[in-house]
Amino acid sequence: MRSNVGFFKLTVIVLSILWMAIFAFAPNILVFLASFCSSSTANFIEPDITLANYIRLMGKTHWDILLSSLNLSGMVTAICLVVAYPFAAILARAPKSVQQIMLVLVIIPFWTNSLVRTYAITTMLNTSGLVNTFLLRLGIIQKPLAMMYTSGAVVLGLVYTLLPFMILPLYAALERLDSRYLEAARDLGASPWQTFWKVMVPLTMPGIVSGCMLVFLPGIGMFYVSDVLGGAKTMLLGNFIRDQFLATRDWPLGSAASVTLTLLMGVMLLMYWYSTRRVQAGEES
């Protein structure tokens with residue numbers, strides 16, 4: 001019986017490794033290799049070891065798209081952090097029954113496809129939408145506001161979609177936070193702001209970094225939010241990568257942009273690992 005259980009576990013492990021190797025590791029390796037190739041009118045990819053694609057990404061047009069994506073995603077991340085941190089703090093200190101209800105309310109949006117929810121936002125922001133209708137009836141505005149196809153609409157859509165990804169890691173970090181540290185800081189004469197900034201934030205830094213990572217990286221790549229709410233006026237790195245593969249057919253350049261996005265993810269993972277190590281070292285000392 002025990003040998004059968006061991007064989008079953010080994011089979012599951014081997015199948016999992018094969019699955020990840022075929023459908024995750026191998027495609028990423030192919031994208032990485034394609035980023036060093038060149039393209040031609042005859043073939044999507046020409047075998048050729050070159051750094052030309054990464055050099056092209058440093059061109060003004062491509063660099064502006066990258067910086068615009070980073071700025072927009074950084075703004076979304078900052079808004080989500082400012083909104084989610086106090087909510088997560090209240091959630092972590094709430095009674096268990098209230099916590100369950102609030103967690104369900106946070107998770108409910110995941111039950112609906114994010115693309116469907118993005119289209120639902122258009123019914124609120126267009127010229128005959130709920131927001132304009134409400135403001136017109138109150139007499140606050142005289143004509144409908146142009147809210148669709150703007151950067152603000154894209155930011156709103158990304159914040160709405162990604163806010164739960166910030167709340168949940170912060171909630172996990174704040175729930176594990178030992179309240180005795182906060183009491184000790186107050187007993188030593190620290191002000192509420194000093195307690196928050198010098199005790200609470202460092203101890204919850206792994207949750208902050210993981211939440212920022214879960215918001216920042218998808219925020220760069222959610223091209224459908226930019227398409228639906230921003231039209232052609234706001235382009236994210238995800239839009240650029242999609243266009244290289246599906247529109248212009250420049251697969252090597254799209255691969256180079258994908259590798260760049262993966263490197264950003266690696267940097268944020270290192271930041272998460274470093275913040276976790278610092279918190280663990282502080283608790284041990």
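Everything numeric in this text was worked out from a predicted model, so none of it was measured.

A. View of the overall build of the protein chain. Each helix and strand counted, the protein chain has 13 helices and zero strands in total. Along the chain direction, N to C, the helices and strands of the protein chain fall in the order α-α-α-α-α-α-α-α-α-α-α-α-α. C-alpha atoms of the protein chain, sized along the principal axes, occupy 75 × 70 × 45 Å. Counting the 285 residues in the protein chain, one finds 37% classified as buried. Within the protein chain, contacts between residues separated by at least 24 positions form 67% of all contacts whose residues are at least 6 apart in sequence. Carbon and sulfur atoms provide 71% of the accessible area of the protein chain, an area that totals close to 17400 Å². Charge-centre separation for the protein chain: the mean point of 18 positive side chains lies 7 Å from the mean point of 12 negative side chains.

B. Focus on the pattern of salt bridges. All told, the structure shown has six salt bridges when counted by the stated rule. Asp178 serves as the salt-bridge partner of Arg180, at 2.6 Å between the closest nitrogen and oxygen. When its relative accessible area of 58% is taken as the criterion, Arg180 is described as exposed. With its nearest N and O atoms 2.3 Å apart, the salt bridge here joins Asp227 to Arg242. Of the two residues, Asp227 is situated in helix α11 (residues 223-230) and Arg242 in helix α12 (residues 237-246); the sequence distance between them amounts to 15 residues. For Arg242, a relative accessible area of 23% puts it in the partly exposed group.

C. The environment of Leu67, seen in detail. Examined against the element boundaries, Leu67 turns out to sit in helix α3 (residues 60-93). Along the backbone, Leu67 and Leu246 are 179 residues apart, and their C-alpha atoms lie at a distance of 22 Å.

D. The packing of α3 against helix α10 (residues 205-221), seen in detail. Running from N to C, α3 and α10 cross one another at 140°; their axes reach a closest spacing of 9 Å. Judged on the interaxial angle alone, α10 and α3 are oblique. Handedness of the α3/α10 crossing: right-handed. Residue-level inspection shows Ser69, Leu70, Ser73, Gly74, Val76, Thr77, Cys80, Leu81 and Tyr85 of α3 in contact with α10, the latter providing Ile208, Cys212, Val215, Phe216, Gly219 and Ile220. Across the contact of α3 with α10, the residue classes tally to 10 nonpolar, five polar and no charged.

E. Spatial organisation of the side chain of His62. Assignment of secondary structure puts His62 in helix α3. Only 2.8 Å separates the side chain of His62 from the backbone oxygen of Arg56, close enough to count as a polar contact. With sequence-adjacent residues up to four places away left out, His62 is seen in contact with Arg56, Leu57, Phe240 and Leu253.

F. Main features of the packing of aromatic side chains. All told, the structure shown has nine aromatic pairs when counted by the stated rule. Between Phe32 and Phe36, the aromatic rings sit 5.1 Å apart at their centres with planes inclined by 75°, giving edge-to-face as the arrangement. Exposure remark for Phe32: the relative accessible area of 39% places this residue in the partly exposed category. Geometrically, the ring pair formed by Trp193 and Phe196 is tilted, given 5.8 Å between the ring centres and 40° between the ring planes. One end of the pair is Trp193 and the other is Phe196, both in helix α9 (residues 192-203) and three residues apart, which spans about a single turn.

G. Broad picture of the packing of α11 against α12. Interaxial distance between α11 and α12 falls to 7 Å at its minimum, and their mutual angle equals 100°. Between α11 and α12, the angle is such that the two are roughly perpendicular. In contact with Phe223, Ser226 and Asp227 of α11, α12 contributes Gly238, Asn239 and Arg242.

H. Main features of a nonpolar patch on the surface. Together, Ile101, Val104, Leu105, Ile107, Ile108, Phe110, Trp111, Phe165, Leu168 and Leu214 make up a nonpolar patch on the protein surface, roughly 900 Å² of accessible area in all. If you list the elements that add at least two residues to the nonpolar patch, you get α4 (96-107) and α7 (151-176). For the nonpolar patch, the element with the most residues is α4, which contributes four residues. Mapped onto the elements of the fold, Phe110 is located in the loop between α4 and α5 (114-125).

Basis of the calculations
Residues numbered from 1 in each chain as written. Predicted model: local features only at pLDDT ≥ 70, side-chain atom pairs only at ≥ 80, totals over all residues. Heavy atoms only, no water. Helix = DSSP H or I, 4+ residues; strand = E, 2+ residues; numbered from the N terminus. Buried < 20%, exposed > 50% of the residue type's maximum accessible area, 1.4 Å probe, protein only. Contact = heavy atoms within 4.5 Å. Areas by Shrake-Rupley, 256 points an atom, 1.4 Å probe, with all protein chains shown as cover. Lys, Arg positive; Asp, Glu negative; His and termini not counted. Charge placed at Lys NZ, Arg CZ, Asp CG, Glu CD. Salt bridge = Lys/Arg side-chain N within 4 Å of Asp/Glu carboxyl O. Axes fitted to C-alpha atoms, helices over the stretch in contact; angles between N-to-C directions. Parallel < 35°, antiparallel > 145°, perpendicular 65-115°, else oblique. Left-handed = near helix turned anticlockwise from the far one by under 90°. Nonpolar A, V, L, I, M, F, W, Y, C, P; charged D, E, K, R; others polar. Polar contact = N/O pair within 3.5 Å; in protein donor to acceptor, adjacent residues only side chain to side chain. Phe/Tyr/Trp six-rings, centres within 6.5 Å; stacked < 30°, edge-to-face > 60°. Patch = residues over 30% accessible without salt bridge, like charges linked within 9 Å, V, L, I, M, F, W, Y side chains within 5 Å.

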